[in-house]
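Here are the chains, one letter per residue:
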Amino acid sequence: MADDDVVCGVCATADIICSKWTVLVIRDLADGRSRFCELERSLAGISPRTLSLRLRALEEEGIIERRTYPEVPPRVEYALTEKGRALEPLIEDMRSYGREWLGACATEDAAATAAA
């Protein structure tokens, strides 16, 4: 394998999770299944179009799964896959880093989670 063919693990992961809002979507889904409207409420400021694009991209990467229930009106829920749950320690490390080094507090994290 040539050096040009080697993919850096950090770069590959960053390509997936560094789009705006993506880490926050994963953070919210780490708490369990969620519907589109619940994610939209939790992520104050995200547009429905952006949320839809992020969810679709994460589904294509195998990070989340989308389940549609045959009800009237149709119910759609999103959840992390096994591949997505493997990102939870990374999210927790980011939370810890923010608290320790950036002055973020646990109450802000709790408020964000409660809003979900």
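Since this is a predicted model, take the numbers as computed values, not measurements.

### Some words on the overall build of the protein chain
What the protein chain contains, in helices and strands, is seven helices and three strands. Ordered by position in the sequence, the α and β elements of the protein chain form the string α-α-β-α-α-β-β-α-α-α. Taking all contacts inside the protein chain whose residues are at least 6 apart in sequence as the whole, residues at least 24 apart take part in 47%. Accessible surface, the protein chain: about 7600 Å² in total, of which carbon and sulfur atoms supply 54%.

### Some remarks on the packing of aromatic side chains
All told, the structure shown has zero aromatic pairs when counted by the stated rule. Residue placement shows Arg75 over the ring face of Tyr69; its charged tip is 3.9 Å from the ring centre.

### Here's the deal with a nonpolar patch on the surface
On the surface, Tyr97, Trp101 and Leu102 cluster together to form a nonpolar patch covering roughly 420 Å² of accessible area. Topologically, Leu102 is positioned in helix 6 (residues 88–102).

### As for the pattern of salt bridges
Taken as a whole and judged by the stated rule, the model has six salt bridges. With a shortest N-O distance of 2.9 Å, Arg27 and Asp28 are connected by a salt bridge. Here Arg27 and Asp28 have matching classes, each one buried. A salt bridge links Glu92 to Arg95; its shortest N-O distance comes to 2.8 Å.

Rules and cut-offs
- Residues numbered from 1 in each chain as written.
- Predicted model: local features only at pLDDT ≥ 70, side-chain atom pairs only at ≥ 80, totals over all residues.
- Heavy atoms only, no water.
- Helix = DSSP H or I, 4+ residues; strand = E, 2+ residues; numbered from the N terminus.
- Contact = heavy atoms within 4.5 Å.
- Areas by Shrake-Rupley, 256 points an atom, 1.4 Å probe, with all protein chains shown as cover.
- Phe/Tyr/Trp six-rings, centres within 6.5 Å; stacked < 30°, edge-to-face > 60°.
- Lys NZ or Arg CZ within 6 Å of the ring centre and 35° of its normal.
- Patch = residues over 30% accessible without salt bridge, like charges linked within 9 Å, V, L, I, M, F, W, Y side chains within 5 Å.
- Salt bridge = Lys/Arg side-chain N within 4 Å of Asp/Glu carboxyl O.
- Buried < 20%, exposed > 50% of the residue type's maximum accessible area, 1.4 Å probe, protein only.

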